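# Analysis of the macromolecular model
Listed below are the residues making up each chain.
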Amino acid sequence: MAIANNLQSENSVNKLLTSSVSSRLKSGELRRFIILIVLLLLSCLALKANAVDIYVAANGSDKNSGTKEQPLATLHLAIRKARELRRLNDPSIKDGVNIVINEGIYKLHEPIVLRAEDSGTKAHPTEIIANGKVVLSGGTKVGGWKKFNGILKNLPAAAKGKIWVANIPNFGGNDLQFRQLWVNGIKASRAKNYNGDAMGRILSWNKEKQTCIIPVGKGFNFKDIQGMEMLIHQWWAIANLRVQSVKVTGNKAELSFMQPESRIQSEHPWPAPWISEKTGNSAFYLSNAIQFLDEPGEWYADFNSHKLYYWPKASENMLNADVVVPALETLLKIEGTADNPVSFINVKGISFAYATWLRPSKEGHVPHQAGMFMLDAYKLQKPGTPDKPTLENQAWVGRPASAVEVTYASNTSFQSCRFVHLASTGLDYKKGTSNSLIRGNLFKDIGGSAILIGTFSDEATEVHLPYNPSDKREVSTGDGIENNLITDVTNEDWGAVGIGAGYVRGIKIVHNEINDVSYSGISMGWGWTKSQNAMKDNTISANKIHHYGKHMYDVAGIYTLSAQPDSYITENVIDSIYKAPFAHLPDHWFYLYTDEGSSYFTIKNNWTPTEKYLQNANGPDNLWMQNGSAVAQTVKQNAGLEPAFQYLLREKSTYSNRSINQAEDKPVVFELIFKNDDLPSNRALEGFAKENNLHFSSIYKWNNRLVIYTSSLKVESLQQTLKRLNAVQIKLYDNLFYDFNREKNCGDKPVPEWDNIILSANLVDDEKMQSEYLSYHKTQFEKWPEVSKGFCKAEFQRLTIFKKDRQLMLVISIPKGKKLDDLNNKTTLNNPKVDEWNSIMKKYQQGIEGTKPGEVWVFFKPVE
């Protein structure tokens with residue numbers, strides 16, 4: 001039997017299991033337990049020992065028999081040999097088939113395809129196993145590099161004498177088309193007009209003319225635009241647009257674009273070019289023109305002259321550099337049908353490298369979300385569909401290519417594999433998959449998403465229509481994604497995601513580490529709908545997500561869409577979101593984000609530095625519990641890769657030196673005013689609190705008014721969800737003009753638990769007196785220090801005052817269990833200046849609407 005020598009994760013898992021169980025046993029029991037385990041392992045080995053082994057080696061021949069001594073040369077022939085053995089029911093395969101690939105780089109000229117006829121069984125699967133470092137490569141080497149000393153039209157002066165040239169490789173009888181190039185395993189940059197991470201800002205976008213106006217900087221050269229592209233940053237996605245024409249007027253240039261992307265880009269409303277004086281217009285850069293080849297590490301392919309030009313970095317010697325360009329879009333396919341799925345195939349220890357994706361060069365690329373590109377999209381003149389009365393747009397999307405794709409397959413797995421140097425998606429379980437496992441793999445240096453799974457939208461179906469097929473075999477069900485390291489992905493399509501799950505059922509995404517991504521870490525769901533659909537029973541748990549949002553905002557570590565009954569987001573750790581330099585809204589980033597239609601989720605025990613979450617247009621019955629920085633430290637310790645898989649962390653990419661966002665958490669007050677006394681019941685308010693990540697104890701009541709004392713990080717969500725309570729008026733008090741803080745003003749550490757006392761009054765209807773009142777409080781700590789000393793004596797932990805128009809909200813925080821009446825008297829004890837202060841303040845204050853004559857401050861009582 002062949003035993004692969006690089007499946008570290010499985011061996012480590014077995015050791016971990018033995019250690020964990022044995023620690024619970026006494027010594028006698030331990031001996032019996034070990035004997036039992038050894039017998040079981042020997043039994044398994046005996047069963048496997050009769051599996052047929054088919055060998056592949058780089059120095060093999062497809063005329064060989066496929067034995068260890070006479071290996072085949074290609075995986076293609078090995079699969080065919082295994083298929084024939086199964087077709088003929090050869091006795092040698094009664095215990096399964098192992099295709100063992102010896103160490104080497106195997107260049108592919110076409111995708112490897114596994115079909116239903118290649119299926120194994122539960123007891124006797126088909127396994128494709130690496131014996132050493134095995135790479136299935138869709139790339140082609142570029143050799144014959146020479147220093148370029150001739151004259152090259154439009155080459156920048158800075159590049160002269162520094163460029164190297166080689167012939168573009170031939171593929172299928174023609175020049176190989178490609179969009180990526182790797183030098184010594186490092187992706188080089190297609191020549192672009194802004195160097196490094198710099199980008200420009202568009203000046204305007206004309207939807208009717210389908211044109212964009214950009215600034216023309218010094219040295220801009222538009223003499224040769226053949227093949228030129230524009231990348232534009234817009235909200236949560238980028239677009240790649242092929243430039244058709246450029247009209248320069250003074251220091252501006254008007255760009256038009258090729259079809260079909262020109263029409264789609266100008267007609268679709270979400271996401272669209274961003275125009276804002278406050279935060280800046282959409283960022284852009286131009287690429288793929290010889291005049292942009294102006295710094296080390298850039299390349300340009302001139303397909304007219306069949307030449308490839310490259311400016312090497314100082315560390316690169318082009319005489320012996322390993323230069324690779326990708327040729328194949330897909331390296332491996334597992335393809336079944338609903339009636340005849342592929343089953344019981346395991347792939348272990350294989351590296352998949354150098355896959356291309358050419359659609360942006362042929363039709364442009366205008367994504368809708370999560371990398372799904374729009375085939376057609378437009379704004380509705382009259383909003384509304386049967387499922388969504390307020391819907392404003394329509395869109396139909398396609399799915400990007402992937403290096404490895406799986407369709408209609410059950411009980412398949414990819415374990416301890418590497419997905420590296422890929423142009424688009426790494427691994428895509430597209431449709432009709434079940435009970436399959438993606439475990440212990442590395443996903444690194446990928447242009448699009450690392451992993452996609454499940455149907456998003458069929459190309460013939462509008463994206464907002466709920467997907468719930470009558471044939472449930474279409475729905476990806478019971479699949480697992482666990483203990484994978486995902487790092488430096490989405491590095492070309494910045495709106496793609498680490499892990500993207502569409503309409504899935506019973507999926508478990510657990511113990512993955514995701515970092516250095518341009519947009520969201522995990523995105524689960526599709527459709528933007530509260531209606532019943534195919535999704536349910538999904539779990540996202542114990543993942544570690546950090547250093548995300550590198551380029552795009554409207555982003556989260558974990559993001560969801562649509563109704564997903566009995567689904568859980570638990571015990572994840574999310575931290576360190578980049579400050580994206582060109583974000584359309586610099587504060588529109590989140591740790592957790594349940595977006596449109598998200599319903600029936602339990603979001604519990606997730607560790608985040610602050611509670612910066614967004615609930616946008618959610619459906620019913622979401623339960624938020626115990627999330628934030630107070631979550632148990634064991635959650636932080638257990639999230640991410642389990643010990644048996646932590647060897648993968650050696651492969652983590654180097655993080656960008658960009659700053660990390662720190663959310664500013666300030667207290668705020670919401671006030672809801674109801675008609676008469678038509679307030680929601682306490683039971684309804686308790687349910688509302690659970691759905692909206694609020695403590696029930698933060699809700700207070702007086703007459704026909706409710707007050708919610710909460711965090712500024714929850715404002716955006718609450719401004720939407722509070723509307724459900726049907727108040728006639730909702731007021732936000734975020735103007736905190738006075739803030740006594742015990743630690744700052746008394747020098748004492750605050751007690752661990754507080755009770756908050758909330759009162760409200762109006763300022764008198766006189767602007768001059770209102771200004772005086774504010775001035776008194778602005779200088780109180782300096783001019784009236786006795787007041788804060790009185791607060792210190794009274795054990796006040798914090799005292800804040802908010803103002804909205806004339807109305808004041810006063811929040812006094814005291815040690816839990818103590819009474820304000822007992823403490824308040826201490827403020828004036830041997831402190832006459834406090835009495836004087838209170839006397840002065842009385843003339844500025846009056847009762848709010850509904851108070852009795854002579855009543856000024858009213859107490860809001862906790863809802864119980």
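Residues numbered from 1 in each chain as written. Predicted model: local features only at pLDDT ≥ 70, side-chain atom pairs only at ≥ 80, totals over all residues. Heavy atoms only, no water.

### Things to note about unusual backbone geometry
Note the cut-off: Every helix listed is a DSSP run of H or I at least four residues long, and every strand listed is a run of E at least two residues long, numbered separately from the N terminus.
Residue proline 260 follows glutamine 259 across a cis peptide bond; omega there is 10°. With respect to the secondary-structure elements, proline 260 resides in the loop between β18 (252-257) and α4 (261-267). Here the bond from tryptophan 270 into proline 271 is cis, since omega is -10°, no more than 30 degrees from zero.

### Some thoughts on the sheet that holds strand β10 (residues 182-183)
We apply this condition: Strand pairing follows a simple DSSP-based rule, namely that at least 2 bridges must link the two strands.
The 4 strands lie next to each other as β5-β22-β10-β11, forming an open sheet whose pairing is antiparallel. Each having just a single partner strand, β5 (139-141) and β11 (186-187) make up the two edges of the open sheet. One ladder, built from 2 bridges, connects β10 with strand β22 (residues 323-326); its direction is antiparallel. From the neighbouring strand, tryptophan 182 faces β22, where its bridge partner is valine 324.

### Quick look at the nonpolar core
Short version of the rule: The term nonpolar core refers to a set of buried residues drawn from Ala, Val, Leu, Ile, Met, Phe, Trp, Tyr and Cys, joined through side-chain atoms within 4.5 Å. Exposure classes here rest on a 1.4 Å probe applied to the protein chains alone. A residue is buried below 20% of its type maximum, exposed above 50%, and partly exposed in between.
One finds Ile99, Met230, Phe352 and Phe414 to be the most contacted residues of the largest nonpolar core, which totals 149 residues. Tyr738, Leu759, Leu763 and Ala794 belong to the second largest nonpolar core, which has 25 residues in total.

### Side note on the state of the cysteines
Our working rule: In what follows, a disulfide is any cysteine sulfur pair within 2.5 Å.
Applying the stated criterion to the full structure yields 1 disulfide. In this model, cysteine 746 is linked to cysteine 792 through a disulfide, with the two sulfur atoms separated by 1.9 Å. Of note, the bridge from cysteine 746 to cysteine 792 carries an S-S torsion of about -95° and is left-handed in sense. In this pair, cysteine 746 sits in the loop between α9 (742-745) and β58 (754-763) while cysteine 792 sits in helix α12 (residues 785-793), placing the two residues 46 residues apart along the sequence. Taking the relative accessible area as the measure of exposure, cysteine 746 reaches 21% and is therefore partly exposed.

### Let's talk about the pairing of strand β4 (residues 126-137)
Taking burial as the measure, the 12 residues of β4 include 10 buried ones, the bulk of the element. Of the pairings in the sheet, the one linking strand β2 (residues 97-107) to β4 comprises 10 bridges and is parallel in character. Within the sheet, the bridge partner assigned to lysine 107 lies in β4 and is serine 137. Bridge count between β4 and strand β25 (residues 345-355): 8 bridges; the pairing is parallel.

### Focus: helix α10 (residues 767-778)
The cut-off we apply is this: In a helix, the anticipated span is given by 1.5 Å times the number of residues less one. As used here, the arc is the angular range of directions from the helix axis to the C-beta atoms. In the analysis that follows, any N or O atom pair within 3.5 Å is treated as a polar contact, provided that within protein one partner can donate a hydrogen and the other can accept it, and provided that, for residues neighboring in sequence, both atoms belong to side chains.
Between its terminal C-alpha atoms α10 stretches 16 Å, which fits the 16 Å expected from 12 residues at 1.5 Å a residue. Buried within α10 we find Gln770, Tyr773 and His777. Along the long axis of α10, the arc covered by the buried residues comes to 60°, so they all point the same way. More than 90 degrees from the buried face of α10, the exposed residues found are Lys768 and Lys778. Of the residues flanking the start of α10, the one acting as N-cap is aspartate 766, its side-chain oxygen 3.0 Å from the backbone nitrogen of lysine 768.

### Considerations on the sheet that holds strand β14 (residues 204-206)
In a beta sheet, neighbouring strands are held together by backbone hydrogen bonds and run either parallel or antiparallel to one another. Taken in spatial order, the 7 strands of this open sheet run β13-β19-β16-β17-β18-β15-β14, and their pairing is antiparallel. On the outer flanks of this sheet lie β13 (200-201) and β14, each paired with one strand and no other. Pairing of strand β16 (residues 229-234) with strand β19 (residues 283-287), which is carried by 4 bridges, proceeds in the antiparallel orientation. If you follow methionine 230 over to β19, its bridge partner there is leucine 286.

### Observations concerning the packing of aromatic side chains
Put simply, the test is: In summary, the pairing rule links any two rings of Phe, Tyr or Trp, Trp by its six-membered ring, whose centres are within 6.5 Å, and it sorts them by plane angle into stacked for under 30 degrees, edge-to-face for over 60 and tilted for everything else. Charges are assigned to positions over rings by a cutoff of 6 Å between ring centre and Lys NZ or Arg CZ, combined with an angular limit of 35 degrees from the ring normal.
Inspection of the entire model under this criterion finds 35 aromatic pairs. Residues tryptophan 145 and tyrosine 310 carry aromatic rings whose centres are separated by 6.4 Å and whose planes lie at 65° to one another, so their mutual orientation is edge-to-face. Here the residue tryptophan 145 occupies a position in the loop between β5 and β6 (146-147), and tyrosine 310 occupies one in strand β21 (residues 307-310), the gap between them amounting to 165 residues. Like tyrosine 310, tryptophan 145 is buried. Cluster of aromatic residues (ring-pair linked, three or more members): Phe737, Tyr773, Tyr776, Trp784, Trp837 and Tyr844. The ring of tyrosine 285 carries lysine 192 above its face, with NZ or CZ at 5.1 Å from the centroid.

### Describing the confidence of the model for the protein chain
Selection criterion: Scored from 0 to 100, pLDDT records how confident the predictor is in each individual residue. Residues count as neighbours in contact if any of their non-hydrogen atoms are within 4.5 Å of one another.
Across the protein chain, pLDDT averages 93, with 94% of residues at or above 70. Confidence drops under a pLDDT of 50 for residues 1-30, and excluding neighbours within four residues, the segment shows 36 contacts in the predicted structure. Contacts from residues 32-48, a stretch scored under 50 in pLDDT, to residues over four places away or in other chains number 6 contacts.

### Structural notes on the pattern of salt bridges
Close approach of charged atoms allows side chains of opposite charge to pair. Quick reminder of the rule: We define a salt bridge as a contact between a side-chain nitrogen of Lys or Arg and a carboxyl oxygen of Asp or Glu at a distance within 4 Å.
Under the definition given, this model contains 36 salt bridges. Of the charged contacts, one joins lysine 141 and aspartate 322 as a salt bridge, the two residues approaching to 2.5 Å between their closest N and O atoms. Of this pair, lysine 141 sits in strand β5 while aspartate 322 sits in the loop between β21 and β22, and the two are 181 residues apart along the sequence. Overall, lysine 141 belongs to the exposed group, its relative accessible area being 55%. The structure contains a network of salt bridges with shared partners spanning Arg179, Arg190 and Glu229.

### Some details on α12
Within the sequence span of α12, burial applies to Val787, Ser788, Gly790, Phe791 and Cys792. Residues of α12 that are buried in the fold lie against β57 (736-741), α9, α11 (780-783), β59 (798-804) and α14 (832-842). Where α12 terminates, the next one or two residues include glutamate 795, which has phi positive at roughly 65°.

### Considering the environment of asparagine 616
On the secondary structure map, asparagine 616 appears in the loop between β51 (613-615) and β52 (623-625). Setting aside anything within four residues of it in sequence, one finds asparagine 616 in contact with Tyr593, Thr594, Asp595, Glu596, Gly597 and Gln720. Reaching out from asparagine 616, the side chain makes a polar contact with the side chain of glutamine 720 at a distance of 2.9 Å.

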